[in-house]
Amino acid sequence: MRRNTNSNNQQDLSFGERTGRLVLVTTVIGVLGVGYYKLLMLAINILSTKMYMKFPLSIEHIIVTCMLSTGCLVLVSAIYYSYCEFSALNYTQRGVTRRKNVNRADESYSSLFKFSSLYAGISMIVTLLFILTVGLIFQNRFVIVITFLVVVPFAIALFFKKFRKELRKGIVKLRKYVMKNWKVIGAWMFTAYLMLSILILAMSNLQKPSFIINFVNDKTVPIKFHFENKIPEKVILSFYSTDDKGNNAVLTQEVEVNKLDFKRSFIEVTEKQISEKESFSMANFLNKEMNKGLNEAYLPDRSHYDYKYEINSLDFLKSGKNFVIIQFEIDSLSNNRVYKVVNEIDVKDRETFIINTEEFSSRN
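Residues numbered from 1 in each chain as written. Predicted model: local features only at pLDDT ≥ 70, side-chain atom pairs only at ≥ 80, totals over all residues. Heavy atoms only, no water.

## Observations regarding the pairing of strand β9 (residues 304-312)
Residues in a regular strand project their side chains so that they alternate between the two faces of the sheet.
And step 1. In this structure, strand β3 (residues 222-228) lies alongside β9, joined through seven bridges in antiparallel fashion. In the strand pairing of β9, E228 is matched with D306.
And step 2. Of the pairings in the sheet, the one linking strand β6 (residues 263-267) to β9 comprises five bridges and is antiparallel in character. Directly across from I267, in β9, lies its bridge partner H304. (Pairing = 2+ DSSP bridges. Helix = DSSP H or I, 4+ residues; strand = E, 2+ residues; numbered from the N terminus.)

What follows is the structure in structure tokens.
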């Protein structure tokens, strides 16, 4: 009887009350959507440009990941509620169908606030665990002291039977709560994983690989390679000679160039925090301790790498038509690209060459 009373109270909401809360939620969706997009772009543009030397992620990455995950799920919940509420406002439906729509709208509305607080709680727990883990790894004295002040009283309290009894009750309640909401918690974890993956992918794509291959019309017909930011494990050059009509191709020579054969030059940029003044203050102490392991960062968007190699192809060319086939693979975190470059070189005599294309570039 009690459950039926609550259901009847929910159904007694007027059309104006339902449209009022629907307008409120849709307004929140618009504001949250704009803010979410700006936060995502800000995170990609700022946080993805730094890679810490001793630990790849910082507390900023974790906080932003938690905010993005929570915001994403709140948006999804709000959109789902709006859909349910629109169905409930369809007064052409009667009986059991309308009652189901109304109950579903009311449940999704209450879940919107219930799960928002759950997302916030998960975010706080994940952030604290990250601070604790990084603090213990890099021997953060502030984190160690706080951990000691929490663990020692807890360990002493375990000697008391009443505390152990209450602790068991709390663990049972927590287990029941987690089992009841495991889908919601799992959805948050999965979303957080996706958001963190987006930031990591953005980091890996800051240095875009490119290459230029030049065929120089010179007496030794050198082939010059210039790779930027990424170098293949190996480059295979195959030289084929044919008759004047381009038939009867014969493999003249195959050359394999390893990545260690390339000459290298680069500019690498790192960022270090400014050392604090020697005078002691609590603010300086906390800042120094909390940034342990995170005080030096690599800036991939300001760093640049060049790899060059040159090979003289004259000894591999025969009189008549020749084809040079160059194959290599450039891999990245998200995908691998396989390149095959084919160029024709006609040899009239040992000093006259006709090169079909003198430059190949990934930018073309």
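## Topic: unusual backbone geometry
And step 1. The residue V221 is not glycine, and still its phi comes out positive at about 45 degrees.
And step 2. Within the element layout of this structure, V221 appears in the loop between β2 (210-215) and β3.
And step 3. Although it is not a glycine, N229 adopts a positive phi angle of roughly 70 degrees.
And step 4. The residue N229 is located in the loop between β3 and β4 (234-242) in this model.

## Points about the pattern of salt bridges
And step 1. A complete count under the given rule lists five salt bridges for this structure.
And step 2. Between D106 and R21 there is a salt bridge, with the nearest N and O atoms lying 2.5 Å from each other. Highlighted residues: D106 in helix α4 (residues 95-137) and R21 in helix α2 (residues 15-46), separated in sequence by 85 residues. Each member of the pair, D106 together with R21, is buried.
And step 3. Between E166 and K169 there is a salt bridge, with the nearest N and O atoms lying 4.0 Å from each other. With E166 and K169 both in helix α6 (residues 161-180) and three residues apart, this pair spans about one turn of that helix.
And step 4. On the basis of relative accessible area, E166 is assigned to the partly exposed category, the value being 44%.
And step 5. Taken together, the shared-partner salt bridges in this structure form one network comprising R21, E85 and D106. (Salt bridge = Lys/Arg side-chain N within 4 Å of Asp/Glu carboxyl O. Buried < 20%, exposed > 50% of the residue type's maximum accessible area, 1.4 Å probe, protein only.)

## Digging into the nonpolar core
And step 1. V25, A43, L68, L118, Y119 and W188 are the most contacted members of the largest nonpolar core, which has 34 residues in total.
And step 2. Of all elements in the fold, only α2, α3 (59-88), α4 and α7 (182-204) reach the threshold of two or more residues within this core.
And step 3. The biggest single contributor to this core is α3, with nine residues.
And step 4. With residues up to four places along the chain from it excluded, the contact list for W188 reads C66, S69, T70, L73, Y119, I122, S123 and V126. (Core = buried A, V, L, I, M, F, W, Y, C linked by side-chain atoms within 4.5 Å. Contact = heavy atoms within 4.5 Å.)

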